Amino acid sequence: MRYYLYVSRAKVDMLFGQIPRKLLPQLVTEARADLKVLSVSVRQPREEPTLYDRLSVVETHLDREYDIGWMTEPARWFRGESGLRTAVTGMPGSPVLMTCVDEDIVVALIGSSHHLVGREEPAAELGRVGHSWLPALHALLEESRAGRETPDTEALDSDGTLRDVIAFAQHATGPATWCEFLARQLLRGRATGPDGRERDVVVATPLYVAMSDEIQEA
């Protein structure tokens, strides 16, 4: 069992809705989801599967359809495991950015804070805005750049974005939680951070983030 910290309901619903119905019985068997819910007639399910049932089926389908890589490898979809620090404002519907700095790579996962498990959803009158794309990341990075003397031209190109991701991740505070995750790549490249060291940088949007079962020493 996974202890989820973040599950993107929007991505789960979008991807689950694209799976051909004829494939569901086999996917359910492979995913070991709730057979009473999903292993039923293709024409009419008995009841609506839970978010976690759908997530299991979606992950199994992605495993079958894509060559899912590791966070250090170029891949459209990839898994990872690292200590993540989470940056989120107190405002409902705001973006959330989870980052890690490993020896040779920096990972930044951008998503919507209402997908954090236990987080309150924004009021209906405020609407729900998705942040699982690069414009939301740019907005966060622009805020973090305030007060820093950096040429404005760097804010619009990918190299400048990657450099800002490194700076943001290296200045992130608070304890890191050792997590596993599955994410969709948005941007990848190499950049030099404030410490003068060149690293690979990958920006992605997570399908889920869960606490790892691996125990890390303090």
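Our structure is the block above this text.
I will try to describe carefully the structure that is included in this document. (Residues numbered from 1 in each chain as written. Predicted model: local features only at pLDDT ≥ 70, side-chain atom pairs only at ≥ 80, totals over all residues. Heavy atoms only, no water.)

Focus on the packing of aromatic side chains
Step number 1: Per the counting criterion, the structure on display carries three aromatic pairs.
Step number 2: The interplanar angle of 25 degrees and the centroid separation of 5.3 Å between the aromatic rings of Tyr 4 and Tyr 52 together place this pair among those described as stacked. In this pair, Tyr 4 sits in strand 1 (residues 3–7) while Tyr 52 sits in helix 4 (residues 51–65), placing the two residues 48 residues apart along the sequence.
Step number 3: Owing to a relative accessible area of 15%, Tyr 4 belongs among the buried residues under this scheme.
Step number 4: On the accessibility criterion, Tyr 52 (39% relative accessible area) is partly exposed. (Phe/Tyr/Trp six-rings, centres within 6.5 Å; stacked < 30°, edge-to-face > 60°. Helix = DSSP H or I, 4+ residues; strand = E, 2+ residues; numbered from the N terminus. Buried < 20%, exposed > 50% of the residue type's maximum accessible area, 1.4 Å probe, protein only.)

What to know about the pairing of strand 3 (residues 77–88)
Step number 1: Relative to strand 3, strand 2 (residues 69–70) is paired through two bridges, and the arrangement is parallel. Pairing of Gly 69 across the sheet is with Phe 78, part of strand 3.
Step number 2: Two strands pair when backbone bridges link them, and strand 3 and strand 6 (residues 177–192) are joined in this way by eight bridges, in the antiparallel orientation. Bridge assignment links Glu 81 to a residue of strand 6, and that residue is Glu 180.
Step number 3: When strand 3 meets strand 4 (residues 95–101), the two strands line up antiparallel, connected through four bridges. What sits directly across from Arg 85, in strand 4, is Thr 99. (Pairing = 2+ DSSP bridges.)

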